Amino acid sequence: MNPIETAGRIQRDGMALQFANYAAVLALARGDVMQAAATFEKRHPNSRALDLVRKTAVLPGTTTDSAWGAPLSPLAPLGEAFVDYLRPMTVIGRMQGFRAMPFNVRAPRATSGTAVGWIGQGRPMIVSEMAFESMTFKTSKVGGIVVLTKELALAGDPDSAQLIRQDLSAAVAQFSDQSFLDPALAEVDDVSPASITYGAPSVASSGTTAAAFRDDFRALCNLVTSNMTAPYLVMKPTTAIALATLGDSSNLLKNISAKGGDVAGIPVIVSANTPSDADSPAR
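Everything numeric in this text was worked out from a predicted model, so none of it was measured. In every chain, residue numbers begin from 1 and rise along the written sequence. Local features in this predicted model are restricted to residues whose pLDDT is 70 or higher, and side-chain atom pairs enter the listing and the counts only when it is 80 or higher, whereas totals over whole chains, interfaces and linings include all residues. Working from all heavy atoms in the structure, the side-chain values ignore hydrogens and water.

1. Things to note about the overall build of the protein chain
Going along the chain from the N terminus, every DSSP run of H or I of four or more residues is numbered as a helix, and every run of E of two or more is numbered as a strand. Per the secondary structure count, the protein chain includes eight helices and five strands. Shown N-terminal to C-terminal, the secondary structure of the protein chain runs as helices and strands in the order α-α-α-α-β-β-α-α-α-β-α-β-β. Buried residues are those whose accessible area, probed at 1.4 Å on protein chains only, stays under 20% of the maximum for their type, while exposed residues exceed 50% and partly exposed ones sit between those limits. Residues counted as buried form 24% of the 283 residues belonging to the protein chain. Only heavy atoms enter the contact rule, under which two residues are in contact if any of them lie within 4.5 Å. In the protein chain, the proportion of contacts linking residues at least 24 apart, taken out of those at least 6 apart, comes to 56%.

2. A look at helix 2 (residues 33-43)
For helix 2, every residue scored as buried is listed here: Ala-36, Ala-37, Thr-39 and Phe-40. Here the buried residues of helix 2 occupy an arc of 165° about the axis, which is enough to place them on one side. Exposed residues lying more than 90 degrees from the buried face of helix 2 are Met-34 and Lys-42. It is the directions from the helix axis to the C-beta atoms whose arc is reported.

3. Notes on the pattern of salt bridges
For this analysis, a salt bridge means a side-chain nitrogen from Lys or Arg found within 4 Å of a carboxyl oxygen belonging to Asp or Glu. Under the criterion given, the structure shown has one salt bridge. The salt bridge involving Arg-218 is made with Asp-215; its shortest N-O contact spans 3.3 Å. Within this pair, Arg-218 and its partner Asp-215 are both found in helix 7 (residues 210-222), separated by three residues, close to a single helical turn. Using a relative accessible area of 45% as the deciding quantity, one classes Asp-215 as partly exposed.

4. Focus on helix 8 (residues 237-244)
Taken together, the buried positions of helix 8 are occupied by Ala-240, Ala-242 and Leu-243. Each buried residue of helix 8 lies within a common arc of 160° when the element is viewed along its axis, so the set occupies one face. Buried-residue contacts for helix 8 involve helix 7, strand 3 (233-235) and strand 5 (266-270).

5. Examining unusual backbone geometry
For Asp-190, which is not glycine, the phi dihedral falls at a positive 65°. With respect to the secondary-structure elements, Asp-190 resides in the loop between helix 6 (158-181) and helix 7. Its identity as a non-glycine residue notwithstanding, Ala-264 has a phi of 55°, on the positive side. Here Ala-264 is to be found in the loop between strand 4 (261-263) and strand 5. Under the relative-accessibility criterion, Ala-264 is labelled exposed at 52%.

6. Points about the side chain of Ser-271
For Ser-271, the location among the structural elements is in the segment after strand 5. What makes Ser-271 buried here is its relative accessible area of 5%. Residues contacting Ser-271, with those up to four places away along its chain left out, are Val-91, Arg-94, Asp-177, Met-235, Lys-236 and Pro-237.

7. Brief notes about the environment of Ala-24
Along the chain, the position of Ala-24 falls in helix 1 (residues 3-28). Overall, the relative accessible area of 6% leaves Ala-24 in the buried class. Residues Ala-24 and Val-147, spaced 123 residues apart in sequence, show a C-alpha to C-alpha distance of 10.0 Å.

8. Remarks on the nonpolar core
Met-235, Ile-256 and Val-263 are the most contacted members of the largest nonpolar core, which has 15 residues in total. Every element with two or more residues in this core is listed here: helix 7, strand 3, helix 8 and strand 5. Beyond its immediate stretch of four places on either side in the chain, Val-263 contacts Phe-213, Phe-217, Leu-233, Leu-252, Leu-253, Ile-256 and Val-268. The definition of a nonpolar core used throughout is a set of buried Ala, Val, Leu, Ile, Met, Phe, Trp, Tyr and Cys residues joined through side-chain atoms within 4.5 Å.

9. Topic: the sheet that holds strand 5
The pairing of strands in a sheet happens through backbone hydrogen bonds and is either parallel or antiparallel. When DSSP locates at least two bridges between a pair of strands, those strands are taken to pair. Strand order across the open sheet formed by three strands is 3-5-4, with mixed pairing between neighbours. Each edge of the sheet is formed by a strand with only one pairing partner; in this case those strands are strand 3 and strand 4. If you compare each strand with its neighbour and ignore which way they point, the axes differ by 40° on average. Here three bridges tie strand 3 to strand 5, and the two strands are oriented parallel to one another. Note that in strand 5 the partner of Met-235 across the bridge is Val-270. Sitting on the sheet, helix 8 touches strand 3 and strand 5, and the angle it makes with strand 3 is about 105°. To get an axis, fit a line to the C-alpha atoms, keeping to the stretch in contact for a helix; angles then go from 0 to 180 degrees between the N-to-C directions.

These figures come from the coordinates and say nothing about function on their own.
Structural data, given as structure tokens:
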């Protein structure tokens, strides 16, 4: 393993732990950031995040603020470290090959492409046009109020901070994955985006045998109209195990396991938060 990547991951996880520590003292101080900073300094005098916590408290930024986001900058590194710690736990955090899009920025999307072909000498060249539409990714956020006991917030045991960090990250990852994949989740304007599967075509399961899976998988791939530059299959770990034990003689499922793998070269991401419906196989 690359020692630089290892060191970076250790630093990230440590800052995410400090985020949990600060969340605990902030809860203990009932939202009083000055008292929380004093408590944090008393409990963690050697923390590398101490200078961030000591900074003067300011009002949170809003989208109408001329210096949007700047008021949140003092503690931003701790929050960013927690998000970095959380990201690999989510389905979308394990995907690659997509174009990053900024929020609240109109961007073009091609709805039809150009045409090309062979041209004989002295023959006319094919003429075509592209069609575009614009799209905007609106800002959405996931949040909730976490209730901690005073005993847990006061606990000086490092395990208490890890418990808070793990519980917060697990809750966000679960909600994020379910919202990302739930085909019934439509967009709620200015509240939440639609899931990536909302309104998408589907293939009804034809059975639980290897032959039925091959037919269903072929039908599913036939629904894809893109060039499959970055396809993924997402399923529950139990589904992956069931597929791995079908005994497929065609070796289509030879690389799948409870940790993922691939089917016909398409990467498999396993998540217990993957939704299922009445049409899903029982196992």
